[in-house]
Amino acid sequence: MRAIVQRTLGLAWVVPALVLVGVFVYLPLVQNIGFSTLKWDIYSGDQEYVGLDNYTKLLDDPIFWSSFGNNLLYAVISIVFQVFGALLLAALIESIRSDRWRRSLRAIYFIPSAISLTVAGLLFYFMYEPNLGPLNHAFQAVGLGLFDQSWLGQESTAMYAIIGMSQWQGFGYSTLLFAVAIQRIPSELYGAAAIDGTGPIRRFIHVTVPLVREMTGLMTMVTISGAFQVFNEVMVMTSGGPNNSTQVMGTWLYRSGFVRNNFGYAAAIATLIFVITLGIAMAQLWVTRRRRVEW
Amino acid sequence: MVKRLSFLGVIARVFMWAFLLGLAVIVLYPLLWMVLNGFKTNAELFGNPFALPVDWSFTNYQKAWNRGVSDYLTTSVLVTVTSTIVTVFVSAWAAYGLTRVTIPFNKAITALILGGLMLAPTVALVPLVKMFQAMGLYNSFWALLILYTAFRVPFTTFLIRAYMIDLPREVDEAAEMDGAGRWTAFWRIILPMSKPIITSTVLLHVLFAWNEYLFAMVFTSGSGVQTLPVGLTSLMSKHGTDYPVVFAGMVIAAVPVVLLFFFGQRYIVKGLSDGIGK
C-alpha cells in the first residue's frame, strides 16, 4: 500500500509538464478539429455548424493549392541545400587539417542561424530592394544587367528570393550537426580507407555517407517538417504577395482567420498542416525504428 | 603518376578553399552591410550601397531606442528570462521523474510529453487565440510566457532526459543511503550532475524565445507587450522610409544572440548532438 502511494506521489515530478503540454498543445489540437466544422465570425461571435464545407471549399481554393505548392518547393530546395549540400560542406570542413580553421568556418556559417528570421528576412528584403540593395548593383557592376530585377516584387522570382534567404539563414545549422556526426566516425575507418589507397571522393561515398545516414534521415525529416511550417520569413518579406504568389499554408491560414475573419476555414487549413506534419513524423519514427532493428 | 596526382590535389585544394572562403563572404557580407547601414543617413543609404558611412555616429541607434526599441528590448528580455527559467525547471523535473523515479504509466507519459515535439504551433493557433481571450490573457506578457514554455517543454525534456538516463544508478542509491529524499537528491545531486545539458538547454531556449515570431505577432499588439522580432516590423511600417533606424534596430536585436552563440557554441553543439545522437 505504501509503495503504491509513493509511486503515485512520484507523478508530482511530471505533472507540471503534463498539464502545460496537455492544456496548451494537445487540447487546442482537438478543439481545432471541432472548429474546422464551423462557420465562425470571431468578432460578432456568430457560430454555425457547416460540416465539411470548409474542407470542400479548401480543395477548390486555388490559393490553397499554390500555397501547398510553395511549401513543397521550399521542402525540395531545402533538402538540396540544407541536407545534401550541408553534408558535403561538413565533410569538406572536416577534411581540413587546421583545427582553428575548422572551428572558425563552422562558427561563421552558423551566425545567420543565431539571428532571428525576422532580422534575416528584413535584411534580405533590403538586399533584394532594387534601389538601395547591393544585389542588383553587384549584377550591374559585373555586366549581368539581365539579373537586375525587383526580386520580391514580381511573381516569378519572389518565392525563390524568400527560399534563397532561408537557405542563407539555415545551412550553417545543419552543417554544424553533420560536422559533429562526422567527428563521431571512428578515425580507424578513414585510416583503413587511406591505406587501401582510396581517394577522398570514394572515402566520402563509402565511409562518411553510410555512417552518418541516421543523421541524414533525421535532418531530411526535420527539414521537410520545417518547410511545411514556414511563416515568419514570408510574413516579413512579402506577407504572401505579390498577388498571393508567395502564400504558404501558414500565411494563408493567418490571412483567412485573422484578416478575412474566417476562423473555421483557418482551422481547416490547420488540420491539413497537422495531418501532413504528423505523417512526416510517423515516417521518421518508422524509419529510425527499422534502422535500429537492422543494426 | 604520383606527380600528376599531387598536381590534381593542389588544384582541388585551391578550388576547395576558394569555395569555402567564398561561402564565408556570402554569409558575412549581408551582416556587415547591415551593421554599416546602421551608421548611414538615408541619403547615403540610397546612394552607393557599397560605400562606407561618412560619419560614424550613433544617432540612428538613439532614434531607434526612443522609437520603441527600448520597450521591445525590455519585453524580450523579460519574456526570454522568465520562460527560460520555467521551461528548464519544468523539463528537468519531468526528465528526473521519467528517468530516476518509479512512476506508474511511465511509457505513456514519456510518449505524451515527447509527442508534443511533432506538433506545429500553427496547428493550435486558432483555438489558442480563443482560449487566451477567454482567460483574459490575450495581448499580455503571460500569453507569451505560457506558450513559449508549453511548446518548448517537449524538446527540452527530450534533451535533458537523454542525459539523465545515462547517469549511473549508484548515484540514487548513495543518496538513499544518506537518507536524502527525492527532492534533496534532485537539487543536490542529479541537477548539479546534469549541468552541461542544463547549460545547453538554457542557451537553446534563449535563442528560441528571443527570436520567436508567430506567437509574438498573433498574441501581442501595442509596444508595451511586443517583443523585438514583432517590434522591428512595426518600426519598419510606422516610420516610413527612415531605413537606417530600422537597421540600427536590427543590429540591437541581433547582437545579443550572436554574442551568446559565440560564448556558448560548445554547449549548444554538444547538447544538440548528445540529444539527437540517441
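Residues numbered from 1 in each chain as written. Chains lettered and ligands numbered in written order. Predicted model: local features only at pLDDT ≥ 70, side-chain atom pairs only at ≥ 80, totals over all residues.

**Q** Any chance you could explain the overall build of chain A here in plain terms?
**A** Looking only at helices and strands, one finds 14 helices and two strands in chain A. Taking 295 residues into account, the globule formula puts the C-alpha radius of gyration at 19 Å, and chain A, at 24 Å, lies well above it. Summarising its shape, the C-alpha atoms of chain A cover approximately 80 × 75 × 30 Å along the three principal directions. Burial statistics for chain A: of 295 residues in total, 41% are counted as buried. The long-range share in chain A, meaning contacts at least 24 apart out of those at least 6 apart in sequence, stands at 71%. (Helix = DSSP H or I, 4+ residues; strand = E, 2+ residues; numbered from the N terminus. Rg over C-alpha atoms; globule rule 2.2 N^0.38 Å. Buried ≥ 20, exposed ≤ 12 C-beta atoms within 10 Å, placed from the backbone. Contact = placed C-beta atoms within 7 Å.)

**Q** I would appreciate a short explanation of the overall build of chain B in the present structure.
**A** A count of helical and extended segments in chain B gives twelve helices and zero strands. Starting at the N terminus and ending at the C terminus, chain B contains elements arranged as α-α-α-α-α-α-α-α-α-α-α-α. What you see for chain B is a C-alpha radius of gyration of 24 Å, clearly larger than the 19 Å of a compact globule of 278 residues, by over 25%. Dimensions of chain B, computed from C-alpha atoms along their principal axes, come out at roughly 75 × 75 × 35 Å.

**Q** What is the right way to look at the environment of Leu260 of chain B in this model?
**A** Residues and elements named next belong to chain B. With respect to the element layout, Leu260 can be found in helix α12 (residues 243-276). Separated by 173 residues in sequence, Leu260 and Thr87 have C-alpha atoms that sit 19 Å apart. If we ignore the near neighbours within four places in the chain, the residues touching Leu260 are Leu203 and Val206.

**Q** Looking at this structure, how should I read the UniProt feature "transmembrane region" (unreviewed entry) in chain A?
**A** Those places that UniProt annotates as "transmembrane region" (unreviewed entry) correspond, in this numbering, to residues 9-29, 72-93, 105-128, 158-182, 211-231 and 263-287 of chain A. The span residues 9-29 of chain A carries 81% helix and 0% strand; its end-to-end C-alpha distance comes to 29 Å. (UniProt positions renumbered as here; feature names shortened; annotations may be inferred.)

**Q** Would you mind showing me how to read the domain arrangement of chain B here?
**A** Interfaces are often described in size by the accessible area the parts lose on coming together. Here the domain parsing of chain B yields domain 1 (2-37) and domain 2 (59-276). Of note, the centres of domain 1 of chain B and domain 2 of chain B, computed from C-alpha atoms alone, are 36 Å apart. (Domains from an automatic or database assignment.)

**Q** How should the UniProt feature "transmembrane region" (unreviewed entry) in chain B be read in this particular structure?
**A** Residues and elements named next belong to chain B. According to UniProt, the feature "transmembrane region" (unreviewed entry) maps to residues 7-32, 72-96, 108-129, 141-164, 185-210 and 243-263 in the numbering used here. When the span residues 7-32 is considered, its composition is 100% helix and 0% strand, and the gap between its end C-alpha atoms is 37 Å. Secondary structure content for residues 185-210 is 96% helix and 0% strand, and the end C-alpha separation is 33 Å.

**Q** Can you walk me through the interface of chain A and chain B in this structure?
**A** Contact residues are listed per partner, giving 60 residues for chain A and 68 residues for chain B. The leading source of residues in the side of chain A that touches chain B is helix α2 (residues 15-35) of chain A, at twelve residues. For the side of chain A that touches chain B, the per-class residue count stands at 45 nonpolar, 14 polar and one charged. (Nonpolar A, V, L, I, M, F, W, Y, C, P; charged D, E, K, R; others polar.)

**Q** It is not clear to me how the confidence of the model for chain B should be interpreted in this structure. Could you clarify?
**A** Interpretation of this model should avoid reading the predicted coordinates in detail wherever pLDDT is low. Scored by pLDDT, chain B has a mean of 90; 97% of the residues are at 70 or more. On the interface metric, ipTM, the complex scores 0.91, and its pTM is 0.91. (pLDDT = per-residue confidence, 0-100.)

**Q** What's the story with unusual backbone geometry in this structure? I'm lost.
**A** For residues besides glycine, phi is generally negative; the peptide bonds are generally trans as well. For the bond running from Gly241 of chain A to Pro242 of chain A, omega is -10°, close enough to zero to count as cis. Tracing the backbone through its elements, the reader meets Pro242 of chain A in the loop between α12 (232-237) and α13 (249-259). We note that Asn139 of chain B has phi near 60°; this positive angle belongs to a residue other than glycine. By the element assignment, Asn139 of chain B lies in the loop between α5 (121-134) and α6 (141-164).

**Q** Honestly, the UniProt feature "domain: ABC transmembrane type-1" (unreviewed entry) in chain B in this entry has me stumped. Any pointers?
**A** The residues that UniProt annotates with the feature "domain: ABC transmembrane type-1" (unreviewed entry) are residues 73-264 of chain B. The straight-line gap between the two end C-alpha atoms of residues 73-264 of chain B is 21 Å; of that span, 79% is helix and 0% is strand.

**Q** Hey, could you run me through the nonpolar core in this one?
**A** Considering soluble globular proteins, one finds that nonpolar side chains tend to be buried as a cluster. Of all hydrophobic cores here, the largest spans 155 residues; its most connected members are Leu122, Phe178 and Ile269 of chain A together with Leu147 and Met250 of chain B. If you tally residues by element for this core, the top one is helix α8 (residues 155-183) of chain A, at 14 residues. In this structure Leu147 of chain B touches Phe24 of chain A together with Phe215 and Phe219 of chain B, once residues within four positions along its chain are discounted. (Core = buried A, V, L, I, M, F, W, Y, C linked by C-beta atoms within 7 Å.)

**Q** Can you help me understand helix α11 (residues 228-238) of chain B in this one?
**A** Because an α-helix completes one turn every 3.6 residues, residues spaced three or four positions apart along the sequence face the same direction. Residue and element names in this part refer to chain B. Most of α11 is tucked away, with eight of its eleven residues classed as buried. For α11, every residue scored as buried is listed here: Leu228, Pro229, Val230, Gly231, Leu232, Thr233, Leu235 and Met236. Among the residues trailing α11, Gly240 stands out with phi positive, at a value near 55°.

**Q** When you look at the environment of Val287 of chain A in this model, what are you seeing that I'm missing?
**A** Here Val287 of chain A shows up in helix α14 (residues 263-294). The spacing of Val287 of chain A and Glu214 of chain A is 73 residues in sequence and 9.2 Å in space, taken between C-alpha atoms.

**Q** Would you explain the packing of helix α6 (residues 117-128) of chain A against α11 of chain B in this entry?
**A** Each pair of packed helices can be summarised by the angle the axes make with each other and by the distance between the axes. α11 of chain B packs onto α6 of chain A with a crossing angle of 30° between their chain directions and a minimal axis gap of 9 Å. Relative to α11 of chain B, the element α6 of chain A is oriented roughly parallel. Here Thr118, Val119 and Leu122 of chain A of α6 of chain A lie close against α11 of chain B, whose contacting residues are Pro229, Leu232, Thr233 and Met236 of chain B. Grouping the amino acids of the contact of α6 of chain A with α11 of chain B by side-chain chemistry returns five nonpolar, two polar and no charged. (Axes fitted to C-alpha atoms, helices over the stretch in contact; angles between N-to-C directions. Parallel < 35°, antiparallel > 145°, perpendicular 65-115°, else oblique.)

**Q** Got a minute to help me understand the environment of Ile273 of chain A in this structure?
**A** By the element assignment, Ile273 of chain A lies in helix α14. Judged by the 22 C-beta atoms lying within 10 Å of it, Ile273 of chain A falls in the buried class. When the C-alpha atoms of Ile273 of chain A and Ala75 of chain A are compared, they prove to be 14 Å apart, with 198 residues separating the residues in sequence. With residues up to four places along the chain from it excluded, the contact list for Ile273 of chain A reads Phe228 and Met249 of chain A together with Ala120, Thr122 and Val123 of chain B.

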